Amino acid sequence: MRRQKILQNIQIENNMDLVKARQSIRTIALDLNYGIVDQTKLITAVSELTRNVLLYAGKGEIIIELIETSTKKGLRITVTDKGPGIPDVDLAITEGFSTSKGLGKGLSGTKKLMDDFSIQTEVGKGTEVVIIKWTDSDKL
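Presented here is a report on the structure given in the accompanying data block. Since we're looking at a predicted model, the values are computed, not measured. Per chain, the residues get numbers from 1 upward, laid out in the order the sequence is written. Whole-chain, interface and lining totals are the exception, using all residues; otherwise, since this is a predicted model, local features are given only for residues with pLDDT of at least 70 and side-chain atom pairs are given and counted only at 80 or more. The side-chain values count all of the structure's non-hydrogen atoms but skip hydrogen atoms and water molecules.

### Here's the deal with the sheet that holds strand S1 (residues 3–12)
When DSSP finds two or more bridges between a pair of strands, those strands are recorded as paired. Helix and strand definitions here come from DSSP, where helices need a minimum of 4 consecutive H or I residues and strands a minimum of 2 consecutive E residues; each element is numbered from the N-terminal end. The strand order S1-S2-S3-S5-S4 describes an open sheet built from 5 strands, whose pairing is antiparallel. Edge strands, defined here as strands with exactly one partner in the open sheet, are S1 and strand S4 (116–122). The sheet shows a mean angle of 15° between the axes of neighbouring strands, taken without regard to direction. Across 9 bridges, the pairing between S1 and strand S2 (residues 60–68) is antiparallel. Residue Lys5 lies in a different strand from S2, and its bridge partner there is Leu66. Note on contacts: a residue pair qualifies if any of its non-hydrogen atoms lie within 4.5 Å across the two residues. To obtain an axis, a line is fitted to C-alpha atoms, over the contacting stretch when the element is a helix, and the angle between two such axes runs from 0 to 180 degrees between their N-to-C directions. Packed on one face of the sheet, helix H1 (residues 15–31) meets S1, S2 and strand S3 (73–81) and runs near 155° to S1. Packed on one face of the sheet, helix H4 (residues 106–113) meets S4 and strand S5 (126–135) and runs near 145° to S4.

### Remarks on the pairing of S4
Of the pairings in the sheet, the one linking S4 to S5 comprises 7 bridges and is antiparallel in character. The partner of Gln120 across the bridge, within S5, is Glu128. The hairpin formed by S4 and S5 contains 3 residues between the paired strands, and Gly124 there has a positive phi angle of roughly 85°.

Shape is all these values report; function is a separate question.
Okay, here's the thing in structure tokens:
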């Protein structure tokens, strides 16, 4: 059984929201005693997912939650949009694939950085990406 607590809800509508998301996850990760490497992974993942929302959907939402099981604690970050959806998820999470002439590291890189990664999408309705990063700290 997981207990959860919403720590922050961020609306994504412009590049300033990307800055806000980065700052928020940095502050939360620091407050929860994540090490510098895991802080950087969280910031990078949130940045990539937020950029995807801005690029492909125009707007969306980030929900940052503290989660806890009987054996571990961590952050669950849910990024949603009501954009065009992803026609081929397997292709989209393939390293090097990009529809925007980028490096193709966004979704595949995010998946590698996190402990858990899931994506739900429907063409014409939007996308939801859920990432989890567990902490080694016992001071949450």
